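# Coordinate inspection notes
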Amino acid sequence: MICVMRIGQLAKRSGVSVRALRYYEEQNLLESTRTPGGQRDYSDDALDRVQLIQDLFAAGLSSRIVVELLPCVSTGTATPDMLGQLTTERDRIAERIQDLSRAKSKLDGVIEDIVAAGIVKA
């Protein structure tokens, strides 16, 4: 059974604004059907799709790249060019994770030094 949600319900369940959901539709990132009154209806799958879009945006992918790569998610297949793009983006994200891990380690060291020295000022 497919559950249908209105845009406000999807916004609430996903934590994404109604405005953002409309933008995702404008960018062909998200699909809805319309009621006879013109209201948007979304399937339960839309919730996972919105989370994926959010994750990809958070990882630094542009909406243009995301719209190019989303068919791979839906179909489980890719052209050689799409696979190359997926690999490139995955490698870029992995590099960013390494950069963030190094920064975190440095901050951990600073915090440890301050706590060990008892140099916390109020």
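Just above, that's the structure.
In this text, all values refer to a predicted model and were calculated from it rather than measured experimentally. (Residues numbered from 1 in each chain as written. Predicted model: local features only at pLDDT ≥ 70, side-chain atom pairs only at ≥ 80, totals over all residues. Heavy atoms only, no water.)

## Details of the pairing of strand S3 (residues 40-43)
Strand direction decides the pairing type here: strand S1 (residues 4-6) and S3, joined by three bridges, are antiparallel. Opposite Met-5, over in S3, you have Tyr-42 as the bridge partner. Once strand S2 (residues 33-34) ends, the chain turns through five residues before running back antiparallel as S3, passing Gly-38 with a positive phi of about 90°. (Pairing = 2+ DSSP bridges. Helix = DSSP H or I, 4+ residues; strand = E, 2+ residues; numbered from the N terminus.)

## Focus on the pattern of salt bridges
Applying the stated criterion to the full structure yields eight salt bridges. Its salt-bridge partner being Arg-40, residue Glu-25 comes within 2.8 Å of it at the nearest N-O pair. On the criterion of sequence distance, the pair formed by Glu-25 in helix H2 (residues 18-26) and Arg-40 in strand S3 is long-range, its members being 15 residues apart. Two residues, Lys-104 and Asp-108, come together in a salt bridge whose shortest N-O distance is 3.0 Å. Linking Lys-104 with Asp-108, this pair stays in helix H5 (residues 80-117), spanning four residues, or about one helical turn. With a relative accessible area of 31%, Asp-108 lands in the partly exposed category. (Salt bridge = Lys/Arg side-chain N within 4 Å of Asp/Glu carboxyl O. Buried < 20%, exposed > 50% of the residue type's maximum accessible area, 1.4 Å probe, protein only.)

## Notes on the nonpolar core
Core analysis: the largest hydrophobic core is formed by 20 residues, its most contacted members being Leu-10, Leu-21, Tyr-24, Leu-30, Tyr-42 and Val-50. Of all elements in the fold, only helix H1 (7-14), H2, helix H3 (45-58) and helix H4 (63-75) reach the threshold of two or more residues within this core. Setting aside its immediate chain neighbours within four residues, Leu-30 contacts Leu-10, Leu-21, Tyr-24, Glu-25, Tyr-42, Ala-46, Arg-49 and Val-50. (Core = buried A, V, L, I, M, F, W, Y, C linked by side-chain atoms within 4.5 Å. Contact = heavy atoms within 4.5 Å.)

## Describing the packing of aromatic side chains
Under the criterion given, the structure shown has two aromatic pairs. On the basis of an interplanar angle of 65° and a centroid distance of 5.8 Å, the ring pair of Tyr-24 and Phe-57 is categorised as edge-to-face. One end of the pair, Tyr-24, is in helix H2; the other, Phe-57, is in helix H3, with 33 residues separating them in the sequence. Take Phe-57: its relative accessible area is 25%, and that puts it in the partly exposed class. Linked through ring pairs, Tyr-23, Tyr-24 and Phe-57 together constitute an aromatic cluster. (Phe/Tyr/Trp six-rings, centres within 6.5 Å; stacked < 30°, edge-to-face > 60°.)

## Digging into the packing of H4 against H5
For the pair H4 and H5, the least separation of the axes is 10 Å and the interaxial angle reads 115°. Seen along the crossing, H4 lies across H5 with a hand that is left-handed. For the pair H4 and H5, the contacting residues are Ile-65, Glu-68, Leu-69, Pro-71 and Cys-72 in the first and Met-82, Gln-85, Leu-86 and Glu-89 in the second. When the residues that make up the contact of H4 with H5 are grouped by side-chain class, the tally is six nonpolar, one polar and two charged. (Axes fitted to C-alpha atoms, helices over the stretch in contact; angles between N-to-C directions. Left-handed = near helix turned anticlockwise from the far one by under 90°. Nonpolar A, V, L, I, M, F, W, Y, C, P; charged D, E, K, R; others polar.)

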